[in-house]
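# Examination of the molecular architecture
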Amino acid sequence: VEPISVGLAIAGAAASALTGFISYPRIYCYFRECCLQRHEPRAAAALQQNLDKKLFGQHLVSKVVVKAVRSFLNNTNAKKPLALSLHGWTGTGKNFVSKIVAESIYKKGLQSKYVHQFVATLHFPHAHSINLYKDQLQSWIRGNVSICPRSLFIFDEMDKMHAGLIDSIKPFLDYYELLDGVSYRQAIFIFLSNAGAEKITEVALDFWRNGRTREDIQLTDIQNALSVSVFNNKNSGFWHSTLIDRNLIDYFIPFLPLEYKHVKMCVRVEIESRGYAVDEDIVSRIAEEMTYFPREERIYSDKGCKTVDAKLDYYYDF
Ligand SMILES: Nc1ncnc2c1ncn2[C@@H]1O[C@H](COP(=O)(O)OP(=O)(O)OP(=O)(O)O)[C@@H](O)[C@H]1O
């Protein structure tokens, strides 16, 4: 045997052993859930695709969420965790979008052990226990980020959260490299709230009354007014919050109120998801059963796309 082929054989064996070593976690993570499961470009592509396909009437949301999440996931040297604050009327898609973000990063989505959802009225109900909640929240976040740096935390009903509670997580959202040996720079925080919905509607109505299309609305038309109104709103959970004061929220994302045509789109999706052929007559009837505001113009659904599925039960036998 020539020395050169021995050399090649050894190099080949070493290479395949190395590939085996590298691919082992991939195989393992195929069967068991792992932290940092999806490769960043795939996660960003999945997010874009799902928002384009499933989210209606929210051009600002799709654009900003994709941009924010993609650049954050691609940044190997992020200086702080990503913090997104989603605002808007009920039933306009805030929970829906956070579910899509979760699913794009972790296959199991909201069921993933690396995705954590807090609901203010459920997890932090009593004003007198606020100090206890602060401690619990801190140790919960610290514990989970220690296990998985790419943890996703979703805070629902921020507007029902007791003022001051959310400030207890400020250190985690700040620009620290390490806190007690833990780095929070790869974590993602998403806050959901109805606070600021009036402001968003005001801007949308202004555009409508001036004959401009909804898609003409730019983030700059809303974002500043939104953060100021949330900061000054006693019932926003962010009232005089240091998270806003210290610019630790990266994006305030406005969800526009949904129109009649968007409600119809939601009805169609719901009918299809139940395996029925879409009947346009039923679609229009359900959309017309929803109530719309303001009283004179009746443009926006006051429940967004919420209750569409319940209304559908009436038309289909189960
Ligand atoms: N913009 C949208 N595009 C597509 N579907 C939507 C949209 N908004 C709402 N839906 C549908 O309506 C359901 C309820 O919406 P969702 O729970 O996301 O509302 P929300 O904004 O979180 O409301 P709330 O403020 O009351 O919590 C979603 O699961 C989804 O099926």
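Just above, that's the structure.
So, here's what we can say about the structure. (Residues numbered from 1 in each chain as written. Predicted model: local features only at pLDDT ≥ 70, side-chain atom pairs only at ≥ 80, totals over all residues. Heavy atoms only, no water.)

## Let's talk about the side chain of threonine 92
Using the following cut-off: Each helix is a run of DSSP H or I of at least 4 residues and each strand a run of E of at least 2, with the numbering of both proceeding from the N terminus. We call two N or O atoms a polar contact when they sit within 3.5 Å, provided that within protein one can donate a hydrogen and the other can accept it, with sequence-adjacent residues counted only if both atoms are side-chain atoms. Contacts were defined at the residue level, with two residues in contact if any of their heavy atoms lie within 4.5 Å.
Structurally, threonine 92 is set in the loop between strand 1 (82-88) and helix 4 (94-105). Within the structure, threonine 92 has its side chain in polar contact with the backbone oxygen of tryptophan 89 (distance 2.7 Å). When neighbours within four sequence positions are excluded, threonine 92 is seen to be in contact with Gln58, Phe255, Leu256, Pro257 and Leu258.

## Observations regarding the state of the cysteines
Let me state the cut-off plainly: Any two cysteine sulfur atoms within 2.5 Å of one another count as a disulfide. For the exposure calls, accessible area comes from a 1.4 Å probe over protein chains only, and a residue counts as buried if that area is under 20% of its type's maximum, exposed if over 50%, partly exposed in between.
Under the criterion given, the structure shown has 2 disulfides. Here cysteine 35 pairs with cysteine 148 through a disulfide, and the sulfurs are 2.1 Å apart. Between cysteine 35 and cysteine 148, the disulfide has an S-S torsion of 75 degrees and is therefore right-handed. Of the two residues, cysteine 35 sits in the loop between helix 1 (3-31) and helix 2 (40-54) while cysteine 148 sits in the loop between helix 6 (130-147) and strand 3 (152-156), which places them 113 residues apart along the sequence. Among the residues examined, cysteine 148 registers a relative accessible area of 0% and is labelled buried. The disulfide that involves cysteine 266 links it to cysteine 305, with 2.0 Å between the sulfurs. Taking the torsion about the S-S bond as the criterion, the cysteine 266 to cysteine 305 disulfide, at about 85 degrees, is right-handed.

## Details of the nonpolar core
Applied cut-off: Each nonpolar core is a collection of buried residues, namely Ala, Val, Leu, Ile, Met, Phe, Trp, Tyr and Cys, held together in the definition by side-chain atoms within 4.5 Å.
Among the nonpolar cores identified, the biggest contains 79 residues, and Ile141, Phe155, Ile169, Phe189 and Phe191 are the most heavily contacted of them. Among the elements that make up this core, the one with the highest residue count is helix 3 (residues 59-74) (9 residues). Residues Phe56, Cys266, Val267 and Ile286 belong to the second largest nonpolar core, which totals 17 residues.

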